[in-house]
Amino acid sequence: MDWIQALLMGIFQGLTEYLPVSSSGHLAIAAQLLGVEDPEQIMPFTILVHVATVLSTLFILWKEVAWLLTGACKWGKDIVPSPYGIKQLNAEQNYLLCIIISMIPVGIVGLCFKDVIEGYFNSLMVVGVCLLITAGLLAFSYFSRPRQKEHISLLDAFTIGVAQAIAVLPGLSRSGSTIGTGLILGNKKESLAQFSFLMVIPPILGEALLNVKDMIEMGVEEAMAGISTMALVVGFVAAFVTGCFACKWMISLVKKGKMIYFAIYCAIVGVATIIWQLCI
């Protein structure tokens, strides 16, 4: 992988991690278009750009992260009189509990089915079909009008977490699945994007650690053989900068309720990908 390929794939990762169009699906398409077809060949790059997107989330949402961390230490203060959380916890602790609960499904999938899921990343036909499913979910969430809830409940958090776990398949958008599911459940769009981006931080870091483990087992020198230091640096910077832009933009788009445009985009790319695979 040269630095131009790294730049393009870093931009793809940074943009598509937050926009509801599936970063994994677009990276799989980009890898084939750019001639990088072996996932193990770019494992260090994949780990690094995912960490870059996590850092971009922390950079954009640093006030929310600071609010959660400071509030988690305030026991017995500012209790929330809400039926959607545990009444003995304050707002920050309830929010953190929802994030922890949302991580359970994807944690189970990541630990038990990692090898099975990775096999699907070599099939662009799977990517195309999953993009169509993403389009359908985004369209359904756009037109549905459920009763609005004031808070994300523990059950809602778990359900959104199940959506995130299913979205590990390439072509299923993680942000699209979690935000779309939350909208269908009746959660307010003003808070869903923020919750979706914060809940994804631990799974992305966990996935990166598992990939580091695989890389160590393979041999660090062997894993680094197909990629230069320059490519790693360029990819990291590209993913971080575009990730900051996409994170901020996506929060604004969700608040304005403009998810339908991404449904159209995913449908077009999904159909094009399927036709491409049928023709080659």
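No experiment lies behind these values; they were computed from the predicted model shown.

As for the pattern of salt bridges
- Considering all chains together, one arrives at 2 salt bridges under this definition.
- Glu17 serves as the salt-bridge partner of Arg174, at 3.8 Å between the closest nitrogen and oxygen. Highlighted residues: Arg174 in helix H8 (residues 174-185) and Glu17 in the loop between helix H1 (3-16) and helix H2 (23-33), separated in sequence by 157 residues. Glu17 shares its class with Arg174; the two are buried.
- With its nearest N and O atoms 2.8 Å apart, the salt bridge here joins Lys149 to Asp156.
- With relative accessibility at 21%, the residue Lys149 sits in the partly exposed group.

Let's talk about the confidence of the model for the protein
- On average, residues of the protein score 82 in pLDDT, and 88% of them are at 70 or above.
- Between the elements of the protein, mean pLDDT differs from a low of 60, seen in helix H11 (residues 220-224), to a high of 92, seen in helix H7 (residues 154-166).

Notes on the environment of Gly235
- One can find Gly235 in helix H12 (residues 229-256).
- Spatially, the C-alpha atoms of Gly235 and Ile11 are 7.6 Å apart, while their sequence positions differ by 224 residues.
- Contact partners of Gly235, with chain neighbours within four places excluded, come to Ala6, Gly10, Phe45 and Val49.

What counts and what doesn't
Residues numbered from 1 in each chain as written. Predicted model: local features only at pLDDT ≥ 70, side-chain atom pairs only at ≥ 80, totals over all residues. Heavy atoms only, no water. Salt bridge = Lys/Arg side-chain N within 4 Å of Asp/Glu carboxyl O. Helix = DSSP H or I, 4+ residues; strand = E, 2+ residues; numbered from the N terminus. Buried < 20%, exposed > 50% of the residue type's maximum accessible area, 1.4 Å probe, protein only. pLDDT = per-residue confidence, 0-100. Contact = heavy atoms within 4.5 Å.

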